[in-house]
Amino acid sequence: MVDKLNDDIGEEKRLQLWEMMLKLRLVEKKAYDLFLQNLIKGTSHLALGQEAIAGAFGVALKQGDYTFCTYRGHAHTLARGSSIEGVLGELMGRQCGLMKGKGGSMHLTDVDKGVMGSYAIIGAHLTIANGTALASKYNKTNEVSVCFFGDGTTNIGAFHEALNMAKIWNLPIVFVCENNLYMEYTPIHEVTAVEHPAADRAGAYDLDKIIVDGNDADEMLRTAEKAIAKAREGKGPSLIEAKTYRHSGHSRADPGKYRPDEEVKDWMENKDPIKNYRAKLLDFNINEKIISEIEEKIKDQVEKATEISMASPIPEIKEIYTDVWANGGSEWHN
Amino acid sequence: MAQLTYRASVSLAIAQSMRKDQKVFFIGEDVGAAGGVFKATVGLLEEFGKERVMDAPISEQAILGAAMGAAMTGLRPIAEIMFSDFLAVCWDIVANQIAKTRYMSDGQINIPLVIRTANGGGSKFGAQHSQSLENWSMMIPGLKVVAPSCPSDVLGLMDSAVKDPDPVIFYEHKSLYAFKEEIEQTDISIPIGEANTLHEGKDITIIGLALMAQRAKEAALILKDKHDINAKVIDLRSLVPLDLQTIKKSVIETGHVLTVEENPRLCGWGAEISSLISEHCFKNLKGPVTRVTTPHVPLPSADILEDNTIPSVELIVNEVIKKLKGE
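Bear in mind that the values here come from a model prediction, so they are computed numbers and not experimental data.

**Quick look at the interface of chain A and chain B**
And step 1. Between chain A and chain B, the residue contacts involve 42 residues of the former and 54 residues of the latter.
And step 2. Summing both partners gives a buried area of about 3,800 Å² for chain A against chain B, and 63% of it is carried by carbon and sulfur.
And step 3. Between the two partners, chain A and chain B, sit 4 salt bridges.
And step 4. A salt bridge links Asp323 of chain A to Arg102 of chain B, with the shortest nitrogen-to-oxygen separation between them at 2.6 Å.

Structure follows, in structure tokens:
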């Protein structure tokens, strides 16, 4: 009998990945619940269904590495080890939030964990991620920068500027396109000249064409580790296209009705990364008790963090006037 | 004592900052091997090498994005946008990203970078290579806005801009690149936010920036020699932070104010200054604060058209006489 469990990934890392993905799923579900209770205002873009991508990178990256994500970035922030109350608190506009309510859902930032920001203007952060990668090269250190973005980003100019610059300067960076098949409300194939919005553009920048099943956590982890190692060894950038699907609409305002029922059903029932990974762990003969204990642990963590967030005070009004400038204030004349 | 052009002071200022701090690097289009299209960065590549003087593709978003990301880690980039008009193609990075990230991150991130750019008219380059765009950046919270009018100010303000923990947009005036000044000491520092007096006078306060400050000074000399009018000329040097105290002090003395702006009329910085003076010095005013600007038109190219669009020394002289003598 083949020892499936002790392959290149192994039990320990698989359980780590399981715990990570579960955390991302349950926090997003909690965020959704809190919206329904009107405890979270504004907008939110949930990554339900896309957890394997952020989760795999979360496991593969080291302390000191830099990550950049989009407004759909709760999961990517948590994946670097940011606290659940830091994320939920920010969504709820509380003092315990990562930015104490100054940024909100679309701008989660946690520099201590390497979360260099969540960016709400499509494409901008690819160019900025090049900057942290450039700094690593300039300082001759070996951090890796990772930049997550959606399929829609591949049609904006900044995407192309950033890929070209990363390649010509051989930057230690991994670009990760989460292709969830829809550019907001529009099927990506209807508005893109090529079949694979990111991968089919890779050749234009002398990069390998990499397409991965973004809902297969093991494959995602292998792909992430390979690209990160390449960057860390000074062998330059990678562009990964990970196929995935969001379980909910684009944002809070969107019920996602433009997607065919059969398609949604197929992804929810047959291609859910969490459901499939649980089955895989059982198939690998990991004790169900261990799997369930992790589930209970994460549920407990999410509940406790929710309580902390709800008990946390709202920001003081004077905070409006702080931190425009490095002197801490907002004065612009003497 | 050496005579230095504004152009040469730019490369010298960058070199001085790079010699002092290994964290400073320079990035832009045609800035290294070519020495810049205005030859304002000649010699930097030779002194500092490719690792610190980076020739970038025509990718303004990628240039400023890379500078921003590097600054987020503590490096101190100087990025060049060849013509300030090109800021329009990377305005997202400037206005949404560089300006706001410190605030949105609740102060977790500092962005100590300098964006230097060739600004202003006088070269007959037409409407997309001649604009004066200081007010674009003035209206965005989180940006500091500097526009030197002479070589010594280039040296002193660049030193401060590079050391500043906040992002600074450094507008160099194309028509001043050939401007010469006798300079004793080149390694100087001038705090950002301190206006400079270019001409003393108690009859009227003329407020200008960059080329317009120099033209206001020329106008003041004519007003004194030929019209017996003593004008105080304030060169703001920076719009953000703004030296309101120096303005107030002079307005209290003169009671008359003229701002001289190179930008088109609407929402020019002079309007904000005028508003501040109304708020702070209303009782000291002897008449309305007035503004000289380019008309509200894109800049035309032909000699006679451009020359009659951008405020001239003659126009400033005439406006002052009109204000004070009602002629």
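The rest of the description comes next.
**As for the sheet that holds strand 6 (residues 144–146) of chain B**
Residue and element names in this part refer to chain B.
And step 1. Strand order in the open sheet formed by 7 strands is 3-2-4-5-7-6-12, and the pairing between neighbours is mixed. Lying at the two open borders of the sheet, with one neighbouring strand each, are strand 3 (53–55) and strand 12 (238–240). Pairs of neighbouring strands in the sheet enclose a mean axial angle of 20°, with direction left out of account.
And step 2. Bridge count for strand 2 (residues 24–28) against strand 3 is 3 bridges, and the pairing is parallel. If you follow Gly28 over to strand 3, its bridge partner there is Asp55.

**Here's the deal with the domain arrangement of chain B**
Residues and elements named next belong to chain B.
And step 1. Its domain assignment divides chain B into domain 1 (2–183) and domain 2 (196–325).
And step 2. Distance between the C-alpha centres of domain 1 and domain 2: 26 Å.
And step 3. Listed as interface residues are 27 residues of domain 1 and, on the opposing side, 27 residues of domain 2.
And step 4. Across the domain 1 to domain 2 interface the summed buried area is about 2,100 Å²; carbon plus sulfur atoms make up 59%.
And step 5. Ionic pairing is found between Asp307 and Lys124, a salt bridge with its closest N-O pair at 2.5 Å.
And step 6. Between domain 1 and domain 2 we count 15 residue pairs in polar contact (both at pLDDT 80 or more) in total.

**Some words on helix 4 (residues 84–91) of chain A**
Residue and element names in this part refer to chain A.
And step 1. The buried fraction of helix 4 amounts to 7 of the 8 residues, a majority that puts the element mostly inside the structure.
And step 2. Of the positions making up helix 4, those classed as buried are Ile84, Gly86, Val87, Leu88, Gly89, Glu90 and Leu91.
And step 3. Those residues of helix 4 that are buried lie in contact with helix 1 (10–36), helix 3 (74–79) and helix 11 (288–311).
And step 4. Positioned one or two residues after helix 4, Gly93 has a phi angle of 70°, which is positive.

**A closer look at the pattern of salt bridges**
And step 1. Counted by the stated rule, this structure contains 42 salt bridges over all chains.
And step 2. Residue Arg222 of chain A pairs with Asp8 of chain A through a salt bridge whose shortest N-O separation is 2.6 Å. Placement of the pair is Arg222 of chain A in helix 8 (residues 217–232) and Asp8 of chain A in the segment before helix 1, with a sequence separation of 214 residues.
And step 3. With a closest N to O distance of 3.0 Å, Asp164 of chain B and Lys144 of chain B form a salt bridge. On the criterion of sequence distance, the pair formed by Asp164 of chain B in the loop between helix 7 (151–163) and strand 7 (168–173) and Lys144 of chain B in strand 6 is long-range, its members being 20 residues apart.
And step 4. Linked through salt bridges whose partners overlap, the residues forming this network are Asp7, Asp8, Arg14, Asp216, Asp218, Glu219, Arg222 and Lys280 of chain A.

Thresholds, definitions, all that
Residues numbered from 1 in each chain as written. Chains lettered and ligands numbered in written order. Predicted model: local features only at pLDDT ≥ 70, side-chain atom pairs only at ≥ 80, totals over all residues. Heavy atoms only, no water. Contact = heavy atoms within 4.5 Å. Buried area = accessible area lost by both parts, 1.4 Å probe. Salt bridge = Lys/Arg side-chain N within 4 Å of Asp/Glu carboxyl O. Pairing = 2+ DSSP bridges. Helix = DSSP H or I, 4+ residues; strand = E, 2+ residues; numbered from the N terminus. Axes fitted to C-alpha atoms, helices over the stretch in contact; angles between N-to-C directions. Domains from an automatic or database assignment. Polar contact = N/O pair within 3.5 Å; in protein donor to acceptor, adjacent residues only side chain to side chain. Buried < 20%, exposed > 50% of the residue type's maximum accessible area, 1.4 Å probe, protein only.

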